[in-house]
Amino acid sequence: MTDTTPRVRFAPSPTGLLHVGNARTALYNWLFARRVGGTFILRIEDTDLERSEARYETQLIKDLRWLGLDWDEGPGLAAGEPEMGSFGPYRQSKRLAIYAEHTERLLAEGNAYRCFCTTEELEVERARAVAEHGPQVYSGRCRALQSAEIEKNLAAGKPFSVRLKIGTEPLRFHDLVHGPVEFAAEAVSDPILVRSATSISAGVPVYNYVVTIDDALMQITHVIRGDDHISNTPRQVAIYQAFGWKVPEFAHLSTILGADRERLSKRHGATSISTFRKMGYLPEALVNYLALLGWGAEDGKTETFTLEELTRAFSLERVTPSPAIFDFDKLNWLNRHYLKECNTDRVLALSLPFFLNEVPQLHLTKEGLVAGSRHSEWFERLIQLLLPYVDHLDQLPVKAAPIFAFDPASARANEENAAILAVGSARTVLTELAARVRVHSGPVTPEVFKGWMKEIKAATGVKGEELFHPVRIALTGAHSGPVFDKLIPLIEDGATLGLGILGICDRIERFAGV
Ligand code: GLU
């Protein structure tokens, strides 16, 4: 490896679902690596054994792959596949011996020490600091223990934690997003590296410690992660220094907020990648949106980017330190953009599952509709008709509901509809229409329908919205929606195909109470 080939990593803890914040971190790491021909590593930080779960790791891998992200080193690209790369293992739970070995080294070189202070003693120290309005940091009492005393404590089986000796120099690092950052050494005090136990190997190493060892041994050149880790970084810098390792570059990405400027949470809506997938967002829309959460194109205006285009355009220099606001409207706009671009087969395959339990008339199975059948052609037309009216695909069944479940009573009950229908001309128009329906035999083609509307317009003098809105309510239960030219044949054909839906004539008759 040379200095010019960056190595970056995404290091999630498998303690929950992958949410937008972490997905953006993964994406920025991936884009940065791909742009410069570097290496992107996935490392699973599963040292918190109580909270880590295999199912979250499996889901994480699935979610990253769904977003179109792959990695050069780390667990296999699908769950259960062997690890890739020569810097492994890539799961922290498999690296405990490495951490213990490094702890021995720090102790031997005098850069760390055993701390035998009990929880109660530390609590007394802390309470005193609070009372004296002093900084609540460890006093460093055990730094001064003589080896005879240490031996005596160890022989007595006294548990100890391992602490790092912090010097007096400020702890500095360079952040590609925030510029130079500096923390006073006193504010860091002597941090615990390994939690209290009666031996080094039994003690649990803490996040700051293991992350630094892993980053150093995996030769990470740029640490790109959320800015909630800025305050951890001085401790990590001190650990690099204690080992004599080169400190990498850092890039801390801003927090993602909801529209109310509070930290984005479930309260604001969907936040996990799998939820967005289940709602029928396209991965290319989500990836595009995530890229824009804290980064902007050089021209200041381009907003639609494929992953490939992002790879060419992305740079950490253009990442902003100010918080990013998650804008669901913009995400929806992008999703609509990509839905429009999406090829029909893919849209159909993605849409089908949403109709499985929603629309019994279609008799759908998991395998879907038989390709090429008249039903499948009809379904394709239905989806194409409704697609421009949805933000994400799970909204399709609701949009399709008036076609499948024609219900004059609830159409009348809707307040907006009621106001339209209350106008005298509405009743006239519907009566005229019903009269034509009564004497009509055979299907209602768009031409037949257009002919009726023209006649009614001429006969009643009603035109525009006043003419069309009541009719639309009578046919679909809503005064707006797809154009009649496409809607009419869809309803007619659905009825003749035996899809259990009512044809145009039936709808008008039932609605107008003919
Ligand atoms: N496991 C940590 C997290 O998920 C990783 C932080 C880091 O990238 O250093 O927040």
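Scroll up to find the structure.
Quick look at the structure, then. (Residues numbered from 1 in each chain as written. Predicted model: local features only at pLDDT ≥ 70, side-chain atom pairs only at ≥ 80, totals over all residues. Heavy atoms only, no water.)

### Regarding the packing of aromatic side chains
- In total, this model carries 15 aromatic pairs according to the counting rule given.
- With a centroid separation of 5.7 Å and 35 degrees between ring planes, the pair formed by Trp 295 and Phe 314 is classed as tilted. On the criterion of sequence distance, the pair formed by Trp 295 in the loop between helix 10 (283-292) and helix 11 (307-313) and Phe 314 in the loop between helix 11 and strand 11 (324-325) is long-range, its members being 19 residues apart.
- Overall, the relative accessible area of 1% leaves Phe 314 in the buried class.
- Residues Phe 449 and Phe 484 carry aromatic rings whose centres are separated by 5.0 Å and whose planes lie at 50 degrees to one another, so their mutual orientation is tilted. (Phe/Tyr/Trp six-rings, centres within 6.5 Å; stacked < 30°, edge-to-face > 60°. Helix = DSSP H or I, 4+ residues; strand = E, 2+ residues; numbered from the N terminus. Buried < 20%, exposed > 50% of the residue type's maximum accessible area, 1.4 Å probe, protein only.)

### Topic: the site of the ligand
- Neighbouring the ligand are the residues Arg 9, Ala 11, Pro 12, Ser 13, Glu 45, Tyr 207, Val 211, Arg 225 and His 229.
- A distance of 2.6 Å separates an oxygen atom of the ligand from a polar side-chain atom of Arg 9.
- Within the contact set of the ligand, an oxygen atom lies 2.7 Å away from a side-chain nitrogen or oxygen of Tyr 207.
- Notes on the ligand: free accessible area 300 Å², of which the protein chains cover 85%.
- In terms of residue class, the shell around the ligand is made up of four nonpolar, two polar and three charged. (Near = heavy atom within 4 Å. Polar contact = N/O pair within 3.5 Å; in protein donor to acceptor, adjacent residues only side chain to side chain. Areas by Shrake-Rupley, 256 points an atom, 1.4 Å probe, with all protein chains shown as cover. Nonpolar A, V, L, I, M, F, W, Y, C, P; charged D, E, K, R; others polar.)

### Here's the deal with the sheet that holds strand 7 (residues 192-197)
- The sheet built from three strands is open, its strands ordered 3-4-7 with antiparallel pairing. Both edges of this open sheet fall to strand 3 (112-115) and strand 7, since each of them pairs with a single strand only. Neighbour-to-neighbour, the strand axes of the sheet open up by a mean angle of 20 degrees, direction not taken into account. (Pairing = 2+ DSSP bridges. Axes fitted to C-alpha atoms, helices over the stretch in contact; angles between N-to-C directions.)

### Things to note about the pattern of salt bridges
- All told, the structure shown has 26 salt bridges when counted by the stated rule.
- Between Glu 45 and Arg 43 there is a salt bridge, with the nearest N and O atoms lying 3.0 Å from each other.
- By relative accessible area, which is 0% here, Arg 43 ends up buried.
- Note that Asp 48 and Arg 51 form a salt bridge whose closest N and O atoms lie 3.2 Å from each other.
- Relative accessible area serves as the criterion here: at 32%, Asp 48 is assigned to the partly exposed category.
- Residue classification places Arg 51 among the exposed residues on the basis of a relative accessible area of 51%. (Salt bridge = Lys/Arg side-chain N within 4 Å of Asp/Glu carboxyl O.)

### Some points on helix 10
- Of all the ten residues making up helix 10, nine are buried; the element is thus mostly covered by neighbouring parts of the structure.
- Residues of helix 10 that are buried: Pro 283, Ala 285, Leu 286, Val 287, Asn 288, Tyr 289, Leu 290, Ala 291 and Leu 292.

### Topic: the nonpolar core
- Residues Phe 355, Trp 378 and Leu 382 are the most contacted members of the largest nonpolar core, which totals 102 residues.
- For this core, the leading source of residues is helix 1 (residues 20-36), giving nine residues.
- Those residues in contact with Phe 355 that lie beyond four places of it in its chain are Leu 362, Leu 364, Phe 379, Leu 382, Ile 383, Leu 396, Pro 397 and Ala 400.
- If you look at the next biggest cluster of nonpolar residues, it comprises 43 residues, including Ile 41, Ala 185, Ala 242 and Phe 243. (Core = buried A, V, L, I, M, F, W, Y, C linked by side-chain atoms within 4.5 Å. Contact = heavy atoms within 4.5 Å.)

### Observations concerning unusual backbone geometry
- A cis amide bond links Gly 88 to the next residue, Pro 89, at an omega of -5 degrees.
- Residue placement: Pro 89 occurs in the loop between helix 2 (54-67) and helix 3 (96-108).

### Some thoughts on the environment of Ala 144
- The topology assignment puts Ala 144 in the loop between helix 4 (119-131) and helix 5 (147-155).
- Note: C-alpha distance between Ala 144 and Tyr 113 (31 residues apart in sequence) is 9.1 Å.

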